[in-house]
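The lines below spell out each chain.
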Amino acid sequence: MKFSVIFEAQLADPTVEREHQLIHDSVEQAVLAERMGFDRIWAVEHHSLKWYAHMSAPEIFLTWVAARTSTIRIGHGVVCMPFHFNHPARVAERAAMLDLLSGGRLDLGAGRGGTLQETSLCGVDKERTTQEVEEALQIIGKAWESEELEHHGALLDIDPHPILPRPKQTPHPPLFLACSRTETLTQAAELGIGALVMGFAGPESIAGMRAAYDSAIAGRGDERFVSSVVNDHFSVLCPTIVLDDGDAARRVGIRGQRFFAQSIGHWYGGAGIPDEAVVEGADEAAAMREAAEQVVARLNEHDIPVRPTSTATFNADHAYGTADDAIAYVERLRDAGADEIMCLIQMGTVPQEACMETLRQWGEKVIPYFRAQEAG
């Protein structure tokens, strides 16, 4: 099983000074993650999503981290693949350059960037995002497996051109797709690429998603594969804060997750501005339940069906507490079928010292526990 850290670059009270400090803090966390034995970092591309995600140029962030590390893998988790965000040929060029300079450490994930806030910024047609992501992956696979890229698809025509440079990894960096629904899990399986899965609903939901992914793998042919190399890797999100004081870790972690849930709800679902206040000693579990109830009330008010996914981000049962608590939770994710645990540590209200201590606790206690089991 692999262990990674994922960065959205979230920020409460987003002043310019705090934003600049946040980006440097994220680099510091990524460099520590290598020292602590993590296998990979992921950086998520989003645009114009104040509070929720200030990681607008992950290719620069990842290059900066790659230059300060030597072994940890460098993951685009994800690139926004609709063409008006990033032309697929440019994605292939940039990714190959980073793979080359990092010594073959790159992984490349694809996503839609489907909020109205993002698509309206860059002139993206929301109705075409799913189709554009798939065609972009087809183009990128061709670009890296042929001397010249030539593509004549439903949306783009590209006459023969060399795509330079070529990546270090042969035939190319592993490919992934962001997956939050059965439809995208099926798509990832049929394209022959790995799944990056949101895990807020908990291990039972993850087990169902793994079953859907495996079922699609079992029933697929090779007609939709985007590469000659198949990647069936299943990576699962794991919100976590780990401190010696387990109660304090739960307060800090649940507070950070509530900010995450409210900020994503603001941009994806039209909810209000996220609550940025941190109240010392507050009952954060109760505050999380109240926030979930407010979401349900808003959906009911607008006659929108309340589905399990509507409140999944408000589920506070995650790897919060001591190292033993984190180990127990990761065991549940492993049993649910996770190939990789993507630690979500940097959430908008979590202070840098808690992020750094969480990385140390995972590196000194959690990861070694599972490495010892595997060695045994």
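The structure this text deals with has already been given above.
Cut-offs applied
- Residues numbered from 1 in each chain as written.
- Predicted model: local features only at pLDDT ≥ 70, side-chain atom pairs only at ≥ 80, totals over all residues.
- Heavy atoms only, no water.
- Helix = DSSP H or I, 4+ residues; strand = E, 2+ residues; numbered from the N terminus.
- Rg over C-alpha atoms; globule rule 2.2 N^0.38 Å.
- Buried < 20%, exposed > 50% of the residue type's maximum accessible area, 1.4 Å probe, protein only.
- Contact = heavy atoms within 4.5 Å.
- Areas by Shrake-Rupley, 256 points an atom, 1.4 Å probe, with all protein chains shown as cover.
- Lys, Arg positive; Asp, Glu negative; His and termini not counted.
- Charge placed at Lys NZ, Arg CZ, Asp CG, Glu CD.
- Disulfide = S-S within 2.5 Å.
- Salt bridge = Lys/Arg side-chain N within 4 Å of Asp/Glu carboxyl O.
- Expected span 1.5 Å × (residues − 1).
- Polar contact = N/O pair within 3.5 Å; in protein donor to acceptor, adjacent residues only side chain to side chain.
- Core = buried A, V, L, I, M, F, W, Y, C linked by side-chain atoms within 4.5 Å.
- Axes fitted to C-alpha atoms, helices over the stretch in contact; angles between N-to-C directions.
- Parallel < 35°, antiparallel > 145°, perpendicular 65-115°, else oblique.
- Left-handed = near helix turned anticlockwise from the far one by under 90°.
- Nonpolar A, V, L, I, M, F, W, Y, C, P; charged D, E, K, R; others polar.
- Pairing = 2+ DSSP bridges.
- Phe/Tyr/Trp six-rings, centres within 6.5 Å; stacked < 30°, edge-to-face > 60°.
- Lys NZ or Arg CZ within 6 Å of the ring centre and 35° of its normal.
- Patch = residues over 30% accessible without salt bridge, like charges linked within 9 Å, V, L, I, M, F, W, Y side chains within 5 Å.

### Structural notes on the overall build of the chain
Across its full length, the chain carries 11 helices and 11 strands. Its C-alpha atoms give the chain a radius of gyration of 20 Å, near enough to 21 Å, the size a compact globule of 376 residues would have. For the chain, the spread of C-alpha atoms along the three principal axes comes to 65 × 55 × 45 Å. In the chain, which comprises 376 residues, the proportion classed as buried is 55%. Of all intrachain contacts in the chain linking residues separated by at least 6 positions in sequence, the fraction that spans at least 24 positions is 75%. Per element, the accessible surface of the chain, about 15,600 Å² overall, is 52% carbon and sulfur. Of the side chains in the chain, 32 bear a positive and 55 a negative charge, and the two mean positions are spaced by 2 Å.

### Observations regarding the state of the cysteines
According to the stated counting rule, one finds 0 disulfides in the structure shown. Not engaged in a disulfide, the cysteine Cys-80 finds its nearest cysteine sulfur in Cys-122; these two sulfurs lie 8.3 Å apart. The structure places no disulfide on Cys-179, whose sulfur is separated from the nearest cysteine sulfur, that of Cys-80, by 15 Å. Under the relative-accessibility criterion, Cys-179 is labelled buried at 1%.

### With respect to the pattern of salt bridges
With the rule as written, the count across this model stands at 25 salt bridges. Across the pair Asp-275 and Arg-255 runs a salt bridge, and its minimum N-O distance is 3.9 Å. You can see Asp-275 sitting in the loop between helix H8 (246-269) and helix H9 (284-301) and its partner Arg-255 sitting in helix H8, a full 20 residues away along the chain. Residue Arg-255 is classed as buried on the basis of its relative accessible area, which comes to 3%. Between Asp-335 and Arg-334 there is a salt bridge whose closest N-O contact spans 3.4 Å. On the basis of relative accessibility, which here comes to 30%, the residue Arg-334 falls in the partly exposed class. Several salt bridges share partner residues, and in doing so they unite Arg-40, Arg-73, Asp-107 and Glu-340 into one network.

### Regarding H8
Under the 1.5 Å per step criterion, the end-to-end length of H8 is 32 Å for 24 residues, consistent within 8% with the ideal 34 Å. Sitting at the head of H8, Asp-245 places a side-chain oxygen 3.2 Å from the backbone nitrogen of Asp-247. Two residues or fewer past H8, Gly-270 is found with a positive phi of approximately 75°.

### Regarding the nonpolar core
In summary, soluble globular proteins display a tendency toward joint burial of nonpolar side chains. Within the largest apolar cluster, 121 residues are counted, with the highest numbers of intra-cluster contacts made by Phe-38, Ile-41 and Trp-362. Excluding residues that lie within four positions of it along the chain, Ile-41 makes contacts with Val-5, Phe-7, Ala-30, Ala-33, Phe-61, Leu-62, Val-65, Ile-72, Arg-73, Ile-74 and Gly-75.

### Notes on the packing of H8 against H9
Running from N to C, H8 and H9 point in directions that differ by 15°, and their axes come no closer than 9 Å. The orientation of H8 relative to H9 falls into the category roughly parallel. Where H8 crosses over H9, the two elements pack in a sense that is left-handed. Residues Arg-251, Ile-254, Arg-255, Gln-257, Arg-258, Gln-262 and Gly-269 of H8 lie in contact with H9, whose contacting residues are Glu-284, Ala-285, Ala-287, Met-288, Ala-291 and Arg-298. Grouping the amino acids of the contact of H8 with H9 by side-chain chemistry returns 5 nonpolar, 3 polar and 5 charged.

### Considerations on the pairing of strand E4 (residues 106-111)
Where burial is concerned, most of E4 is hidden: 6 out of the 6 residues are buried. Alternating residues of E4 divide into Leu-106, Leu-108 and Ala-110 and Asp-107, Gly-109 and Gly-111, and every residue in both groups is buried. Pairing analysis gives 5 bridges linking strand E3 (residues 73-80) to E4, with the strands arranged parallel. If you follow His-76 over to E4, its bridge partner there is Leu-108.

### Notes on the environment of Cys-179
Its location among the elements puts Cys-179 in strand E7 (residues 175-179). Once the C-alpha coordinates of Cys-179 and Met-198 are considered, the two residues, 19 residues apart in sequence, prove to be 6.9 Å apart.

### Remarks on helix H6 (residues 182-191)
Buried residues of H6: Thr-184, Leu-185, Gln-187, Ala-188, Ala-189 and Leu-191, and no others. On its buried side, H6 packs onto helix H5 (129-145), E7, strand E8 (194-197), helix H7 (203-219) and strand E9 (234-242). Remark: Gly-192 follows H6 within two positions and exhibits a positive phi of approximately 80°.

### Some points on the packing of aromatic side chains
According to the stated counting rule, one finds 11 aromatic pairs in the structure shown. On the basis of an interplanar angle of 80° and a centroid distance of 5.2 Å, the ring pair of Trp-42 and Phe-176 is categorised as edge-to-face. A residue pair is termed long-range when its members are at least 10 positions apart, and Trp-42 in strand E2 (residues 40-43) and Phe-176 in strand E7 qualify at 134 residues. Exposure class is identical for Trp-42 and Phe-176. Each is buried. Chaining the aromatic ring pairs together yields one cluster made of Phe-3, Phe-38, Trp-362, Tyr-369 and Phe-370. If you follow Arg-68 out to its NZ or CZ, it ends over the ring of Trp-64, 3.7 Å from the centre.

### Considering a negative patch on the surface
Together, Glu-148, Glu-150, Asp-157 and Asp-159 give the surface a local cluster of negative charge. Structurally, Glu-148 is set in the loop between H5 and strand E5 (149-152).

That is the geometry; function is a separate question.
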